[in-house]
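# Summary of structural features
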Amino acid sequence: MQVISAQDGMIPFFELTVQLKKKQKQWKQTDKRSIDSKIRGHRQALGDRNWVTKTCTRYLEKTSVASGQSQDIAKAFLEDLDAKRLDARENGKDEDEKGSWVLMSVEKLQLVDTRPSSQAELVLIIDKLNERFSEDDCVELLAIVARHLPDPYAEEGEEEEGAYQEDSAAAGGVAEEGGTTEARG
């Protein structure tokens, strides 16, 4: 068996979305140009492949992580984390010591993909969080996340709020206009 393309490592959701779109485009061009006899017999497998790819891409595009992030945003975030680690090292913190800001690659990836907004979410992402980070470090880490990564709930909250106002207005409820509250009846 021959490995055609080896996996280089883990990639964040926004990069996965880009790669899936490239593959879809490549497959469309290949399918249109020529389909040899081997592939013709596997038309169902090609359909399944295309369906899975399209479904995954559609899901990832709906998430704020994939749609609101870019390589530049993730790079700036990771550079900030590395700067904190270097500051801790300069202040005499060992890598095993609390407050050293040493994160594993998978933890960094999960921070980029999930964009935690509370310490409870950090506990799920970072192994032995309480042993490795102080409470002040956690607050600072959340501030770095908030500064660099888009808020996943910002768009959802605005849409839900708008839908609620429309529903209450349609139901003859109370609506605010120009800072005053008036009853509709």
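To keep things clear, this report deals only with the structure shown in the data block. This is a predicted model, so every value here is computed, not measured. (Residues numbered from 1 in each chain as written. Predicted model: local features only at pLDDT ≥ 70, side-chain atom pairs only at ≥ 80, totals over all residues. Heavy atoms only, no water.)

## What to know about the packing of aromatic side chains
Going through the model one piece at a time under the given rule, you end up with one aromatic pair. Taking 5.5 Å as the distance between ring centres and 85 degrees as the angle between the ring planes, the aromatic pair formed by Trp-101 and Phe-133 counts as edge-to-face. Taken as a pair, Trp-101 in the loop between helix 5 (71–90) and helix 6 (105–114) and Phe-133 in the loop between helix 8 (129–132) and helix 9 (135–148) lie far apart in primary sequence, 32 residues in all. By relative accessible area, which is 5% here, Trp-101 ends up buried. Judged by its relative accessible area of 3%, Phe-133 is buried. (Phe/Tyr/Trp six-rings, centres within 6.5 Å; stacked < 30°, edge-to-face > 60°. Helix = DSSP H or I, 4+ residues; strand = E, 2+ residues; numbered from the N terminus. Buried < 20%, exposed > 50% of the residue type's maximum accessible area, 1.4 Å probe, protein only.)

## With respect to helix 5
Spanning 20 residues, helix 5 covers 28 Å between terminal C-alpha atoms, matching the ideal 28 Å at 1.5 Å per step. Turning to helix 5, its buried residues are Ala-74, Phe-77, Leu-81, Lys-84 and Ala-88. The buried residues of helix 5 occupy an angular sector of 85 degrees when the element is viewed end-on, so they sit on one face. Across from the buried face of helix 5, at angles greater than 90 degrees, the exposed residues are Gln-71, Asp-72, Lys-75 and Glu-90. Just downstream of helix 5 lies Gly-92, where phi reads positive at about 90 degrees. (Expected span 1.5 Å × (residues − 1). Arc of directions from axis to C-beta.)

## Structural notes on a nonpolar patch on the surface
Nonpolar side chains collect at one region of the surface, where Met-10, Met-104 and Val-106 lie side by side and expose about 270 Å² of accessible area between them. Within the element layout of this structure, Val-106 appears in helix 6. The class for Val-106 is partly exposed, based on a relative accessible area of 35%. (Patch = residues over 30% accessible without salt bridge, like charges linked within 9 Å, V, L, I, M, F, W, Y side chains within 5 Å. Areas by Shrake-Rupley, 256 points an atom, 1.4 Å probe, with all protein chains shown as cover. Salt bridge = Lys/Arg side-chain N within 4 Å of Asp/Glu carboxyl O.)

## Structural notes on the packing of helix 5 against helix 9
Taken N-terminus to C-terminus, the directions of helix 5 and helix 9 make an angle of 155 degrees; their axes are 9 Å apart at the nearest point. With respect to helix 9, the element helix 5 is oriented roughly antiparallel. Along this stretch, helix 5 crosses helix 9, giving a crossing that reads as right-handed. Between helix 5 and helix 9, the residues in contact are Ile-73, Ala-76, Phe-77, Asp-80, Leu-81 and Lys-84 and Glu-140, Leu-141, Ile-144, Val-145, Arg-147 and His-148, respectively. Among the residues making up the contact of helix 5 with helix 9, the classes are represented as seven nonpolar, one polar and four charged. (Axes fitted to C-alpha atoms, helices over the stretch in contact; angles between N-to-C directions. Parallel < 35°, antiparallel > 145°, perpendicular 65-115°, else oblique. Left-handed = near helix turned anticlockwise from the far one by under 90°. Contact = heavy atoms within 4.5 Å. Nonpolar A, V, L, I, M, F, W, Y, C, P; charged D, E, K, R; others polar.)

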